[in-house]
Amino acid sequence: MKKPDHRLLPVAAAAVTVVLWASAFVSIRSAGGSYSPGALALGRLLSGSLVLGLLCLVRREGLPPRSAWRGIAISGVLWFGFYSVVLNWGEQQVDAGTAALVVNIGPILIALLGARLLGDPMPPRLLAGMAVSFAGAVTVGLSMSGEGGSSVLGVVLCLLAAVAYAGGVVAQKPALGRASALQVTTFGCLIGAVLCLPFTGQLVGEAADAPLTATLNMLYLGVFPLALAFTTWAYALARTTASRMGATTYAVPALVVLMSWLALGEVPGALTLAGGVLCLAGVAVSRSRARISRVVATAQETRPEEIRKPA
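Residues numbered from 1 in each chain as written. Predicted model: local features only at pLDDT ≥ 70, side-chain atom pairs only at ≥ 80, totals over all residues. Heavy atoms only, no water.

**Quick notes on the pattern of salt bridges**
Under the criterion given, the structure shown has 1 salt bridge. Taking the shortest distance from any N to any O, the salt bridge between E61 and R59 comes out at 3.2 Å. Using a relative accessible area of 57% as the deciding quantity, one classes R59 as exposed. (Salt bridge = Lys/Arg side-chain N within 4 Å of Asp/Glu carboxyl O. Buried < 20%, exposed > 50% of the residue type's maximum accessible area, 1.4 Å probe, protein only.)

**Quick word on helix 3 (residues 69–93)**
Over its 25 residues, helix 3 extends 34 Å from the first C-alpha to the last, a length consistent with the 36 Å expected when each residue adds 1.5 Å. In the structure, helix 3 departs most strongly from a straight axis at Y83, where the bend amounts to approximately 40°. (Helix = DSSP H or I, 4+ residues; strand = E, 2+ residues; numbered from the N terminus. Expected span 1.5 Å × (residues − 1). Bend = angle between axes of the 7 residues up to and from the residue.)

**Structural notes on the environment of V19**
Here V19 is to be found in helix 1 (residues 9–31). Between the C-alpha atom of V19 and that of V252, which follows or precedes it by 233 residues, the distance is 7.1 Å.

**So, a nonpolar patch on the surface**
Side chains of V77, F82, V152, V156, L160 and L195 sit close together on the surface and give an oily, nonpolar patch of about 490 Å² of accessible area. For the nonpolar patch, the secondary structure elements donating two or more residues are helix 3 and helix 7 (152–175). With 3 residues, helix 7 is the single largest residue contributor to the nonpolar patch. With respect to the helices and strands, the residue V156 is situated in helix 7. Classification of V156 by relative accessible area gives partly exposed; the value is 41%. (Patch = residues over 30% accessible without salt bridge, like charges linked within 9 Å, V, L, I, M, F, W, Y side chains within 5 Å. Areas by Shrake-Rupley, 256 points an atom, 1.4 Å probe, with all protein chains shown as cover.)

**Brief notes about the nonpolar core**
Counting residues in hydrophobic clusters, the biggest one holds 73 residues, and the most contacted among them are Y35, W79, Y83, V169 and W233. For this core, the element with the highest residue contribution is helix 10 (residues 212–237), accounting for 11 residues. Here Y35 is in contact with L40, Q92, L203, E206, A207, A210, A214, T215 and M218, once residues within four sequence places are set aside. (Core = buried A, V, L, I, M, F, W, Y, C linked by side-chain atoms within 4.5 Å. Contact = heavy atoms within 4.5 Å.)

**Considerations on the packing of helix 2 (residues 37–59) against helix 3**
To describe two helices that pack against each other, one gives the angle between their axes and the distance between the axes. Remark: helix 2 packs on helix 3, axes separated minimally by 8 Å, with the N-to-C direction vectors making an angle of 140°. Considered as vectors, helix 2 and helix 3 are oriented oblique to each other. The handedness of the crossing between helix 2 and helix 3 comes out as right-handed. Contacts between helix 2 and helix 3 involve P37, G38, L40, A41 and L45 from the former and F80, G81, S84, V85, N88, W89 and Q92 from the latter. Among the residues forming the contact of helix 2 with helix 3, the class breakdown is 7 nonpolar, 5 polar and no charged. (Axes fitted to C-alpha atoms, helices over the stretch in contact; angles between N-to-C directions. Parallel < 35°, antiparallel > 145°, perpendicular 65-115°, else oblique. Left-handed = near helix turned anticlockwise from the far one by under 90°. Nonpolar A, V, L, I, M, F, W, Y, C, P; charged D, E, K, R; others polar.)

Below, the structure written as structure tokens:
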């Protein structure tokens, strides 16, 4: 029986993350009509914390080591807490296209911060792939613009969300070298939930009047795009660079277009489809170098006399 290739596990984890994060946009559209930004963020974080906490107890993970707490705390405040609230708020102020354009600055900021603070390499293929994917995200955003009103406040909020997302990812990366992916995700989520506790009154009041579908969507957001997807994200991030993982999230806009088409009946136009294809093509380019390098390295080990022989 052939043994599984464990090198494919981080790729599979990243794929799970991207698909679930894309599904979150469809669920937010449903829950956001009944819950305010802070209440939706708190409900999502509380349900996610409950699931993650139970997993930690079952697996007997315990507390993360002291050296990991700085990164966990920063990512918990920036990414789990602050990002959740300002993104929910921003998407109520701008149309979907504008939100997609501004938030997709995040992966670029991750690459820049990762190179500056973590020493991440910036190979040409990664930069080229990110450029292609960003062009695709711009295309998708422009094709979707005009579906709602836009405001300066909304743009600023989405920009703050992108900065918080990038800062949270870069802070999380070192912590994953000292604690498990489940520990980093669980305690980051708990910190985000504590940060959002001032919205408890809003959550209780709105939950009493919200339709069941909106509440179920909020719970789905906490269990799957948060608890599961953030854990698979952390697992994959621990095994690659922050820049490469950030580039992978450019597949999200393409999947959102597909899911909106299937789940909401929103038929995408030709420009939207073209942008989605560009997003996926850029991700493929940005992640291709690692595979090529492994093939070359393997060939050099098996046939050094043929490859290294001077012409």
